[in-house]
Amino acid sequence: MKIALGADHAGYSLKECIKGYLTEKGYEIVDCGTDSETSVDYPEYGFCTAKTVMDGKADCGILVCGTGIGISIAANKVKGIRAALCTDSYMAKMAREHNNANILALGARVIGQGVALDIVDAFLTTSFAGWKHARRIDLINEFEKKA
Ligand code: RB5
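Note that the coordinates shown come from a computational prediction; the quantities given were computed from them, not determined experimentally. (Residues numbered from 1 in each chain as written. Predicted model: local features only at pLDDT ≥ 70, side-chain atom pairs only at ≥ 80, totals over all residues. Heavy atoms only, no water.)

(A) Just the sheet that holds strand β4 (residues 83–85), in detail. Ordered by their spatial adjacency, five strands build an open sheet running β2-β1-β3-β5-β4, and the pairing between neighbours is parallel. Looking at which strands have only one partner, the edges of the open sheet turn out to be β2 (28–31) and β4. Strand after strand, the sheet turns through a mean of 25 degrees between neighbouring axes, direction not considered. Two elements, strand β1 (residues 2–7) and β2, share four bridges in a ladder whose sense is parallel. Among the inter-strand pairings, Ala-4 is bridged to a residue of β2, identified as Val-30. Relative to the sheet, helix α2 (residues 42–54) contacts β1, β2, β3 (60–65) and β5 (103–107), its axis offset from that of β3 by approximately 170 degrees. (Pairing = 2+ DSSP bridges. Helix = DSSP H or I, 4+ residues; strand = E, 2+ residues; numbered from the N terminus. Axes fitted to C-alpha atoms, helices over the stretch in contact; angles between N-to-C directions. Contact = heavy atoms within 4.5 Å.)

(B) Molecular detail of the side chain of Arg-82. By the element assignment, Arg-82 lies in the loop between α3 (69–75) and β4. Buried and without a salt bridge, Arg-82 has Glu-144 as its closest oppositely charged side chain, separated by 6.5 Å. Separated by 3.2 Å, the side chain of Arg-82 and the backbone oxygen of Asn-99 make a polar contact. Within the structure, Arg-82 has its side chain in polar contact with the backbone oxygen of Asn-100 (distance 2.9 Å). (Buried < 20%, exposed > 50% of the residue type's maximum accessible area, 1.4 Å probe, protein only. Lys, Arg positive; Asp, Glu negative; His and termini not counted. Salt bridge = Lys/Arg side-chain N within 4 Å of Asp/Glu carboxyl O. Polar contact = N/O pair within 3.5 Å; in protein donor to acceptor, adjacent residues only side chain to side chain.)

(C) Layout of α2. Compared with the 18 Å implied by 1.5 Å per residue over 13 residues, the 18 Å span of α2 between its first and last C-alpha is a close match. In the core, the buried residues of α2 are packed alongside β1, β2, β3, α3 and β5. At the C-terminal side of α2, Gly-56 shows a positive phi close to 80 degrees. (Expected span 1.5 Å × (residues − 1).)

(D) Spatial organisation of the packing of helix α4 (residues 89–97) against helix α5 (residues 113–125). It is the contact of α4 with α5, at a shortest axis distance of 8 Å, that shows an interaxial angle of 20 degrees. Taken together, the axes of α4 and α5 lie roughly parallel to each other. For the pair α4 and α5, the crossing hand works out as right-handed. Residues Ser-89, Ala-92, Lys-93 and Arg-96 of α4 pack against Asp-118, Ile-119, Ala-122 and Phe-123 of α5. Looking at the contact of α4 with α5 residue by residue, the class counts come to four nonpolar, one polar and three charged. (Parallel < 35°, antiparallel > 145°, perpendicular 65-115°, else oblique. Left-handed = near helix turned anticlockwise from the far one by under 90°. Nonpolar A, V, L, I, M, F, W, Y, C, P; charged D, E, K, R; others polar.)

Put into C-alpha cells, the structure is as follows:
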C-alpha cells in the first residue's frame, strides 16, 4: 500500500515520525514535503498530497499542519478528496467506515506522537462500510460534479 505524506513546517516533525513508523511496517511512502521546519504555506502541501492521491500515485494520504485545519481545508478543495481531521482513533475509524475518507489530517500542535500513531493505525486498518454510507458519499460526489 502506497501512502502520500504532506506537512507544513509545523507538521514536519510529526510527518517524519509517521514516515519512519509506516516505512518500518512495510508501507511505501510518497513524500510530498515539506522537508524542514522553515516556514512554508500549508495549502501547497495540502494540494500536492491530495493531487498525488487523486492521480492514483498513492492509495491514500496523511497530512499534518499545526492544527490540521488549514491543510485539510486545502486538500478538500481537490475534487474527489475527502480529508478528515481526526483527534482520536475513534474519529479515524469512523472517517474510514462511514465517510470513506481518503486523506487523514492531523494537528501536530494538538496531539502527541503516541496518539497520532494510534490514529494512523486506525485509519489505515479500517475499511469503508458501504451500504447507506455509500449513498451519502454519492450525494457529495454529485454536488461536487455540479459545482
Ligand atoms: C502555521 O503556523 C499554522 O498556521 C498551520 O500549521 C496550521 O495550523 C494552519 O491551519
